[in-house]
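Reading the structure
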Amino acid sequence: MIVDWIADNAARIGELTAWHAVLSVIPTVLGLLIAIPLAWWASRSARFYPLIVGASGLLYTVPSIALFVLLPQLLGTKILDPLNVVVALTVYSVALLVRVIADGLASVPHDTVQAATAMGYRPWQRLLHVELPVAVPAIGGGLRVAVVSNVSIVTMAALLGIPQLGSLFTEGFSLRLTLPIVVGIVLCLVLSVVLDVLVHAGTRALTPWQQKAETA
Amino acid sequence: MITFEHVSKVYPDGTHAVHDLTFDAPNGRLTVLVGPSGCGKTTSMRMINRLIDPTEGVVSLDGQDTRSVDAIDLRRKIGYVIQSAGLFPHRTVVDNVAALPRLLGAGKKEARSRALELLAKVGLDERYARRYPYQLSGGQQQRVGVARALATDPPFLLMDEPFSAVDPVVRTQLQDSFLQLQRDIGKTIVMVTHDIDEALKLGDQVAVFREGGTLAQVATPAELLAHPADAFVADFVGASRGYRALGFVEATATVELADEVTVRVGARPADVVGDAWCVVVDDADAPLGWVDLRAARDVVEERQIDFSGTVARADGSLRDLLDAALSSPTGRGLVAGPGGRLRGSVTADEVLRHIAREREAGVAS
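The structure reproduced in this document is the subject of the present report.

Basis of the calculations
- Residues numbered from 1 in each chain as written.
- Chains lettered and ligands numbered in written order.
- Predicted model: local features only at pLDDT ≥ 70, side-chain atom pairs only at ≥ 80, totals over all residues.
- Heavy atoms only, no water.
- Phe/Tyr/Trp six-rings, centres within 6.5 Å; stacked < 30°, edge-to-face > 60°.
- Helix = DSSP H or I, 4+ residues; strand = E, 2+ residues; numbered from the N terminus.
- Lys NZ or Arg CZ within 6 Å of the ring centre and 35° of its normal.
- Contact = heavy atoms within 4.5 Å.
- Buried area = accessible area lost by both parts, 1.4 Å probe.
- Salt bridge = Lys/Arg side-chain N within 4 Å of Asp/Glu carboxyl O.
- Polar contact = N/O pair within 3.5 Å; in protein donor to acceptor, adjacent residues only side chain to side chain.
- Nonpolar A, V, L, I, M, F, W, Y, C, P; charged D, E, K, R; others polar.
- Pairing = 2+ DSSP bridges.
- Axes fitted to C-alpha atoms, helices over the stretch in contact; angles between N-to-C directions.

**Observations regarding the packing of aromatic side chains**
- Evaluation of the coordinates by the stated rule reveals six aromatic pairs over all chains.
- Between W41(A) and F48(A) the ring centres are 4.9 Å apart and the planes differ by 40°, which places this aromatic pair in the tilted class.
- Residues Y60(A) and Y92(A) carry aromatic rings whose centres are separated by 5.5 Å and whose planes lie at 80° to one another, so their mutual orientation is edge-to-face. Taken as a pair, Y60(A) in the loop between α2 (49–59) and α3 (64–75) and Y92(A) in helix α4 (residues 82–106) lie far apart in primary sequence, 32 residues in all.
- Over the ring of F88(B) we find R148(B), and its NZ or CZ is 4.7 Å from the ring centre.

**Brief notes about the interface of chain A and chain B**
- Across the contact, 21 residues belong to chain A and 24 residues belong to chain B.
- Together, A118(A), M119(A) and W209(A) form the three largest contributors to the area buried by chain A at its contact with chain B, with a combined 31%.
- At the boundary of chain A and chain B, one finds one salt bridge.
- Across the salt bridge formed by R122(A) and D70(B), the nearest N and O atoms sit 3.7 Å from each other.
- Where chain A meets chain B, there are six residue pairs in polar contact (both at pLDDT 80 or more).
- Elements represented by at least two residues in the side of chain A that touches chain B include exactly α5 (110–119) and α6 (123–134) of chain A.
- With eight residues, the single largest contributor to the side of chain A that touches chain B is α5(A).
- Considered class by class, the residues forming the side of chain A that touches chain B number ten nonpolar, eight polar and three charged.

**Some words on the sheet that holds strand β12 (residues 277–281) of chain B**
Residues and elements named next belong to chain B.
- The strand order across the open sheet formed by three strands is β11-β12-β13, and the pairing between neighbours is mixed. Looking at strand neighbours, the two that pair on one side only are β11 (262–264) and β13 (287–292), the edges of this open sheet. Neighbouring strand axes in the sheet, compared pairwise and without regard to direction, differ in orientation by 40° on average.
- Alignment of β11 against β12, held across three bridges, turns out to be parallel. Bridging from a neighbouring strand, V263 pairs with V280 of β12.

Encoded structure:
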């Protein structure tokens with residue numbers, strides 16, 4: 001019976017999983033791109049660090065459901081537009097990543113930064129060629145948290161009727177069926193693990209220069 | 001030439017890091033800034049590539065005020081070596097050296113092949129080229145740091161305590177190989193150190209700083225030892241100045257060498273005139289040490305050689321000659337010519353007589 005249900009709905013489950021992955025990954029990437037300049041600014045200024053890191057951290061405390069409802073009014077989008085979810089999750093990703101990246105940039109050895117400056121690297125060249133690459137292990141750690149957190153928060157969008165694995169929860173609830181809920185939970189977990197492993201593998205691939213003792 | 005004209009640096013809290021500094025670092029020469037910690041030597045050096053801007057005065061490179069050029073362009077003309085090397089941990093050794101040429105638009109292949117040449121020049125084996133900085137020793141990292149600073153062949157080089165973070169044996173190796181390199185490349189160098197011996201060894205010119213960021217004396221090492229400007233410099237330069245100053249006086253042909261009887265390992269010594277000591281030489285006639293013939297009745301064996309005496313080069317310094325004499329078991333210091341062949345021996349008395357003769361000649365002229 002379980003197998004039957006899954007077989008009957010395989011195409012749709014696949015579609016929901018794909019949507020779920022897209023809605024989790026795109027905001028993580030956008031969040032990273034927005035967080036990097038903010039974090040750079042924060043790491044360079046003792047005065048702005050608490051302000052930027054504090055304010056971005058505060059964003060994470062805004063309840064997701066409130067954000068989903070508020071955003072259409074702010075952005076002028078329709079309530080069912082997936083863009084709302086993307087924007088909301090990007091906000092959360094920024095909230096999680098700014099501190100991690102700022103601290104990662106600040107932990108780049110002072111000598112290395114000084115050498116780059118003295119060699120004639122422009123500030124943005126130094127960021128791109130030296131500071132960011134050296135901060136990759138820290139940034140990778142933050143990305144893993146952000147992407148897994150997004151996989152979890154995306155499910156809330158089901159309440160607005162935006163299709164992804166969370167839709168299985170609302171369906172199961174309204175049809176009083178446990179099976180879709182269980183399938184949804186398991187697939188969320190699997191997706192989290194897969195994305196986490198991918199980010200981790202990416203981080204490792206980008207840091208062949210790390211001492212083995214440190215990556216273990 | 002790097003020129004400081006009435007340069008001062010005052011921090012917002014009123015600290016005078018550098019006060020009214022005026023001196024030149026001539027082209028092709030190594031100028032060492034030396035002094036106790038907090039004397040402003042590092043601040044002064046960093047004003048050359050504008051990591052720090054002076055409050056007053058002008059720093060110029062070959063006559064051009066450094067403030068009239070873009071700081072980034074300025075820095076790209078000036079190589080920079082720091083104490084802990086400051087290598088890029090995420091780049092291999094060869095890519096550390098190639099980093100700046102690549103940034104300035106050089107092709108990957110071209111930049112790497114030039115980097116490999118430079119690594120060979122600073123004495124780092126090619127097998128280290130593909131390693132990451134953490135896989136190198138401190139001394140090797142420092143060699144990479146020097147190669148990286150030379151990557152774009154800049155006319156100027158700044159070195160901030162470049163040999164301080166390694167043990168004394170490695171430090172001596174790095175200093176010697178750097179001196180060799182500088183003879184070859186002839187850069188205009190400003191180096192900072194707190195170690196007066198390093199300053200005297202490496203510098204063509206030494207600028208002694210005192211606390212409060214003022215210049216106490218700028219002079220050649222020999223001049224600094226022979227004529228310290230004041231009590232502070234004398235004290236800072238330290239003890240044994242007379243003996244150390246001999247290190248800067250070349251032995252001339254007027255030092256009289258005595259002939260020595262020689263013998264090879266495994267050979268039967270000839271009859272010796274005088275005392276019972278005789279010089280043991282190898283197949284190329286290079287001196288190994290002394291043997292006491294009272295102990296070597298038959299043939300000379302290696303275990304009978306006394307290796308305690310140092311061997312001075314005929315074109316070495318008076319200090320080398322004196323040391324050879326003082327360390328010799330016979331009181332006769334061994335002197336070798338080019339190629340290492342034994343030239344003869346010299347006594348401490350002869351070295352001192354030579355010094356006295358030179359002094360009289362100096363007074364007379």
